[in-house]
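# Coordinates in review
If you want the building blocks of each chain, they are given just below.
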Amino acid sequence: LLSIFLLLYFLLISNSFSNYSYRWLGGDEINRQYYYSVVSIFKIIIPLFIVYIYGSSFLEENDNYRLLLINTKIDKIMYFITKFISINIIVFVTVFLLYIECIIVEEIFIIKFNGLQLIDELFIIYLISILFGLEAIICTIITSKSVGYVFIIILFVIIILKIS
């Protein structure tokens, strides 16, 4: 669902439905608009996605990972480390697929766009999102309820509103 939403968003901001001559002549402006729009949407969606995934994954009622490890009898620290790595792999693959989707849209519809400049921004957003995700894990473990990661989501929204 997130991927479909972002695909439609990328198509709309790329001016793919406008006249080809307008896209060629106004290419620099369209490139800037597309770049800043993509970065802005990634700044909102990626942290919210990561906070939700990290926070909800450490709730006891959503903890299916524990069932896989009951028979192995590993200690709690290894349980948290392996779970964190597993979640991180899933989140990284999802963020990478969103980036690929963005690049595909820009390759098809945008004439003079360089998708490599987006990697730096996306990496910084990803690292900051991981920090928010770790805070969500801590708050979820402390409260043992979804209020823990909802608090981090509200904190994130307040920070975003204060910055902009």
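This is a predicted model, so every value here is computed, not measured.

## Concerning the side chain of Thr 140
Looking at the element boundaries, Thr 140 is found in helix H6 (residues 117-143). Separated by 2.6 Å, the side chain of Thr 140 and the backbone oxygen of Ala 136 make a polar contact. Excluding residues that lie within four positions of it along the chain, Thr 140 makes contacts with Gly 55, Phe 58, Leu 59, Lys 145, Gly 148 and Tyr 149.

## Overview of H6
An ideal rise of 1.5 Å per residue puts 39 Å on 27 residues; H6 measures up with 40 Å between its terminal C-alpha atoms. Within the sequence span of H6, burial applies to Leu 118, Leu 122, Ile 125, Tyr 126, Ser 129, Ile 130, Phe 132, Gly 133, Ala 136, Ile 137, Cys 139 and Thr 140. Downstream of H6 by one or two residues, Ser 144 has phi in the positive range, about 60°.

## Here's the deal with the confidence of the model for the protein
Averaged over every residue, the pLDDT of the protein is 76; the share at 70 or more is 71%. The least confident element of the protein, judged by mean pLDDT, is helix H2 (residues 20-25) at 52; the most confident is H6 at 86.

How each quantity is defined
- Residues numbered from 1 in each chain as written.
- Predicted model: local features only at pLDDT ≥ 70, side-chain atom pairs only at ≥ 80, totals over all residues.
- Heavy atoms only, no water.
- Helix = DSSP H or I, 4+ residues; strand = E, 2+ residues; numbered from the N terminus.
- Polar contact = N/O pair within 3.5 Å; in protein donor to acceptor, adjacent residues only side chain to side chain.
- Contact = heavy atoms within 4.5 Å.
- Expected span 1.5 Å × (residues − 1).
- Buried < 20%, exposed > 50% of the residue type's maximum accessible area, 1.4 Å probe, protein only.
- pLDDT = per-residue confidence, 0-100.

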